[in-house]
Amino acid sequence: MADSIEEILNGFAAPFSFGQILVQKREGAGFVLLHRDDESLDQLQTYQDAENAIEIAKYDDAGDYRPLKTAPNLRHGWRLELASVEELRRALDYFYPSRLAVFAAWKSGYLKTTALRETLDRQSGMYRAAAKISDPQINDLVADFCRSDSGCLRTILWKRDRNGVIASTKLPKEKFDPGVDQAAARPESTTGATVPLFCQEACNLLVAECRKVVKGASA
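I will try to describe carefully the structure that is included in this document.

Cut-offs used in this document
By convention here, each chain's residues receive numbers from 1 onward along its written sequence. Only residues with pLDDT of 70 or above have their local features reported here, since the model is predicted, and side-chain atom pairs are shown and tallied only from 80 upward, although totals for entire chains, interfaces and linings are computed over all residues. Values shown for side chains rest on all heavy atoms present in the structure; no hydrogens or waters enter the calculation. Here a cavity denotes a set of grid points, spaced 1 Å apart and computed over the protein atoms alone, in which a 1.4 Å probe fits but from which it cannot get out, and a pocket denotes an open set meeting protein on both sides within 12 Å along at least five of seven lines; residues with an atom within 4 Å of a point are reported as lining. Grid points are joined across faces, edges and corners, and a volume is the space filled by probe spheres set on the points. Only Asp, Glu, Lys and Arg are considered charged, only Ala, Val, Leu, Ile, Met, Phe, Trp, Tyr, Cys and Pro nonpolar, and every remaining residue, Gly among them, polar. Basic side-chain nitrogens of Lys or Arg form a salt bridge, by our definition, when they fall within 4 Å of a carboxyl oxygen of Asp or Glu. For the purposes of this entry, the term helix denotes a DSSP run of H or I that reaches at least four residues, the term strand denotes a run of E that reaches at least two, and both are numbered from the N terminus. Accessibility here uses a 1.4 Å probe with only protein chains present; expressed as a share of the type maximum, an area under 20% marks a residue as buried, one over 50% as exposed, and anything in between as partly exposed. A pair of strands counts as paired when DSSP detects no fewer than two bridges linking them. Convention adopted: a line fitted to C-alpha atoms gives each axis, helices being fitted over their contacting stretch, and angles between N-to-C directions are expressed from 0 to 180 degrees.

## Regarding empty space enclosed by the protein
- This structure, assessed with the given rule, holds 2 cavities of 30 Å³ or more.
- Here the largest cavity defines a volume of roughly 80 Å³.
- In terms of lining, the largest cavity is formed by Leu68, Phe145, Cys146, Cys152, Arg154, Ile156, Trp158, Lys175, Cys199, Ala202, Cys203 and Leu206.
- Grouping the constituent residues of the lining of the largest cavity by class yields 10 nonpolar, no polar and 2 charged.
- In this structure, the second largest cavity spans a volume of roughly 70 Å³.
- Every residue along the wall of the second largest cavity is listed here: Gly19, Leu153, Val180, Asp181, Gln182, Ala183, Thr194, Val195, Pro196 and Leu197.
- Among the residues making up the lining of the second largest cavity, the classes are represented as 6 nonpolar, 3 polar and 1 charged.

Written out as structure tokens, the structure is:
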């Protein structure tokens, strides 16, 4: 899988964007990664190891922990210089865990999605109650929790149930479109191609929020 992901990355002509990250070709050889908002800035803290991405991605600008790595709150002020496409793959996987693998599966036509109801029905223990959430509650929760401007930058591919009902009618249709850049906060910025962050199944944080909604309604 790592080889196929690197082949895909080699196929993208830098600059390209991945979530809130801008990937540029480094003068000579290698790559430079930085926050897309910092494209025109010079005074950035420089790192030169793919593992540095772990710490960069851990906290937001206010120093608060980021439990959801695809939230639109990646911190600013850094520059990551990498020597090879293998280091680029590792760094991007630290920033956005598993998203490159999901993109590779989607691109090859092998990506499988799981409906939210199916995800909730297989929960056990304290999260079993999440399956009791109603459709109107799902509609509201997903619209708030998954919105790209303040919730999550992933493009939703999963449905609400096996009947193919849309995850939320309160989200814009662009949230479900693989061709739309969910992190394009600055339309005037020219960052080349975009590698989308796909969501093939509801994350654990959304499942936990479903449980909170059910528990709150029954309190």
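## Focus: the pattern of salt bridges
- A complete count under the given rule lists 15 salt bridges for this structure.
- With its nearest N and O atoms 2.9 Å apart, the salt bridge here joins Glu81 to Arg79.
- Glu201 serves as the salt-bridge partner of Arg122, at 1.7 Å between the closest nitrogen and oxygen. With Arg122 in the loop between helix H5 (116-121) and helix H6 (135-145) and Glu201 in the loop between strand E8 (198-199) and helix H7 (204-218), the pair connects residues that are 79 residues apart, well separated along the chain.
- A residue is classified by how much of its surface remains accessible, and Arg122, at 48% relative accessible area, is partly exposed.
- One salt-bridge network, in which partners are shared between bridges, spans Glu6, Glu51, Glu86, Arg89 and Arg90.

## Concerning the sheet that holds strand E2 (residues 21-25)
- The sheet built from 6 strands is open, its strands ordered E4-E5-E3-E2-E1-E7 with mixed pairing. Two strands bound the open sheet, and with one partner strand each, they are strand E4 (45-47) and strand E7 (193-195). Between one strand and the next, the sheet's axes are offset by a mean angle of 25°, whatever the strand orientation.
- In terms of strand pairing, E4 meets strand E5 (residues 78-82) through 3 bridges, oriented parallel. What sits directly across from Gln45, in E5, is Trp78.

Shape is all these values report; function is a separate question.
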